[in-house]
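Spelled out from the first residue to the last, the chains are:
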Amino acid sequence: MADEALFQFLHSEIIQYINSAETGESENGRCVSKLENMGFRVGQGLIERFTKDTPRFKDELDVMKFICKDFWTSVFKKQIDNLRTNHQGIYVLQDNKFRLLTQLSAGKQYLEHAPKFLAFTCGLVRGALSNLGVKSIVTAEVSVMPACKFQVMIQKI
Amino acid sequence: MAVCIAVIAKENYPLYIRSVPTQGELKFHYTVHTSLDVVEEKISGVGKALADQRELYLGLLYPTEDYKVYGYVTNSKVKFVIVVDSSNASLRDNEIRSMFRKLHNSFTDVMCNPFYNPGDPIQSKAFDSIVSAMMVQAC
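Rules and cut-offs
Along each chain, the written sequence defines residue order, and numbers are assigned to residues from 1. Chains and ligands are labelled sequentially in the order written, the chains with letters from A and the ligands with numbers from 1. It should be noted that, the model being predicted, local features are given only for residues of pLDDT at least 70 and side-chain atom pairs only at 80 or more, the latter also being counted only at that level, while totals for whole chains, interfaces and linings use all residues. For the side-chain quantities, the full set of heavy atoms in the structure was used; hydrogens and water were omitted. The secondary structure listing takes helices from DSSP runs of H or I that are at least 4 residues long and strands from runs of E that are at least 2 residues long, numbered from the N terminus. Classification of residues uses two cut-offs on accessible area relative to the type maximum, computed with a 1.4 Å probe and protein chains only: under 20% is buried, over 50% is exposed, and between them is partly exposed. Note on definitions: a residue-residue contact is assigned when non-hydrogen atoms from the two residues lie within 4.5 Å. Areas reported here follow the Shrake-Rupley algorithm with a probe of radius 1.4 Å; residue values treat only the protein chains shown as occluding. Buried area counts how much accessible surface, traced with a 1.4 Å probe, disappears from two parts once they are put together, with both parts' losses summed. Should a side-chain nitrogen of Lys or Arg be within 4 Å of a carboxyl oxygen of Asp or Glu, the pair is scored as a salt bridge. Two N or O atoms form a polar contact when they lie within 3.5 Å of each other; inside protein one atom must be a possible hydrogen donor and the other a possible acceptor, and for residues adjacent in sequence the pair counts only when both atoms belong to side chains. Here, any two strands with at least 2 DSSP bridges between them count as paired. Helix axes use the C-alpha atoms of the stretch in contact, all axes being lines fitted to C-alpha atoms, and the angles between their N-to-C directions lie in the range 0 to 180 degrees. Angles are sorted into four bins: roughly parallel if under 35 degrees, roughly antiparallel if over 145, roughly perpendicular if 65 to 115, and oblique for all others. Helix crossings get a hand from a simple test, with the near helix turned counterclockwise from the far one by less than a right angle marking a left-handed crossing and a clockwise turn marking a right-handed one. Three residue categories are used. Nonpolar comprises Ala, Val, Leu, Ile, Met, Phe, Trp, Tyr, Cys and Pro, charged comprises Asp, Glu, Lys and Arg, and polar comprises the others, including Gly.

A. Region of the structure containing the overall build of chain B. Helix and strand counts for chain B come out as 4 helices and 5 strands. Burial status across chain B gives 43% buried among its 139 residues. Within chain B, contacts between residues at least 6 apart in sequence are counted, and of these 54% link residues at least 24 apart. Carbon and sulfur atoms make up 55% of the accessible area of chain B, which totals about 7,300 Å².

B. Main features of the interface of chain B and chain A. Across the boundary between the two partners, chain B contributes 26 residues, which contact 18 residues of chain A. Between chain B and chain A, the buried area comes to about 1,900 Å², and carbon and sulfur atoms account for 43% of it. For the pair chain B and chain A, the number of links is 1 salt bridge. For the pair chain B and chain A, the interface holds 9 residue pairs in polar contact (both at pLDDT 80 or more). For the side of chain B that touches chain A, the elements supplying multiple residues, two or more each, are α1 (25–44), α2 (50–54), β4 (67–73) and α3 (93–112) of chain B.

C. Region of the structure containing the environment of Glu112 of chain A. Residue and element names in this part refer to chain A. Examined against the element boundaries, Glu112 turns out to sit in the loop between β2 (90–95) and α4 (114–131). Judged by its relative accessible area of 58%, Glu112 is exposed. The spacing of Glu112 and Val75 is 37 residues in sequence and 25 Å in space, taken between C-alpha atoms.

D. Examining the pairing of strand β3 (residues 57–63) of chain B more closely. Where β3 of chain B and β4 of chain B come together, 5 bridges link them in antiparallel fashion. By the bridge assignment for β4 of chain B, Gly59 of chain B is matched with Gly71 of chain B.

E. Representation of the sheet that holds strand β2 (residues 14–19) of chain B. Residues and elements named next belong to chain B. The strand order across the open sheet formed by 5 strands is β2-β1-β5-β4-β3, and the pairing between neighbours is antiparallel. The sheet is open, and its two edges are formed by β2 and β3, each paired on a single side. Adjacent strand axes in the sheet meet at a mean angle of 15° when their direction is disregarded. Bridge count for strand β1 (residues 2–8) against β2 is 5 bridges, and the pairing is antiparallel. Counted as the bridge partner of Ile8 is Pro14 from β2. The strands touched by α3 are β1, β2, β3, β4 and β5 (79–85); relative to β5, the strand with the most contacts, the crossing angle is about 140°. Running at roughly 40° to β2, helix α4 (residues 125–134) makes contact with β1 and β2 of the sheet.

F. Spatial organisation of the packing of helix α3 (residues 60–76) of chain A against α4 of chain A. All names here are of chain A. In the contact formed by α3 and α4, the axes pass within 11 Å of each other and the chain directions differ by 130°. Considering the angle they form, α3 stands oblique to α4. For the crossing formed where α3 meets α4, the hand is right-handed. Mapping the contact onto sequence places Val63, Met64, Ile67, Phe71, Trp72, Val75 and Phe76 in α3 and Thr121, Leu124, Val125, Ala128 and Leu129 in α4. Split into classes, the residues belonging to the contact of α3 with α4 amount to 11 nonpolar, 1 polar and no charged.

G. Broad picture of unusual backbone geometry. Residue and element names in this part refer to chain B. The backbone of Asn12 shows a phi angle near 70°, a positive value even though the residue is not glycine. Checked against the element boundaries, Asn12 lands in the loop between β1 and β2. Despite not being glycine, Lys77 shows a phi value in the positive range, around 60°. When you line up the elements, Lys77 lands in the loop between β4 and β5.

Written out as structure tokens, the structure is:
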């Protein structure tokens, strides 16, 4: 479907734009947080649309399962491959073939640039969770492209 | 036909509240405020059947001698409260449900508006017109 390519191209251009807008001295930090904040707002709006007709969620695990299945399918056309939790507020979502990374070469060459490509999605997950009433911190790591892991830490107030 | 419609945020402050006869405004604000307690009670639903908990429409919250108050909660914990006139007894459950549906659709559109910050009072004209269409016409 053409719409997938559209989003991927747009996403890469956003990353390029933010990267060039940042001057050389500050490293990836500001670039990543800008992308994350963008993802946050988008995640909030997306969740409002997606959960319009779904029944209310029972608990946190239900929310995480929704994110892994329905939410991920709507955005990336596939589900999360693996969800692990320690039942104490830490969830690890593993995607073995992350859509936004498949276009980068699978070797070690671009491993250091990968975090920029994951920042928007981290924000997306954080925004989605926050609108569903779950405060969290989402980080991502890549060891082998194109697989990546998103770690969600739920913050209990 | 509603007499007062309110949208209340997750943190329980009003995002949007509008009532028809402008002289009774304070009374409606008070009614909506007190209905929040009933909403909380329905959401937490201790010991209720599982089917109840999964629904977004909460139904009749409580009737006073002049008015009936209906509630609806979204998955993002935003609450909609509609107050209707008791004398207008012909309003059926289905009609109230469809009013809430329209409100929810309109609210989703407001949320997706990139110029709207979640948590701000709702100032969208489109939302306003949907709400006016549902209110009793002031004579």
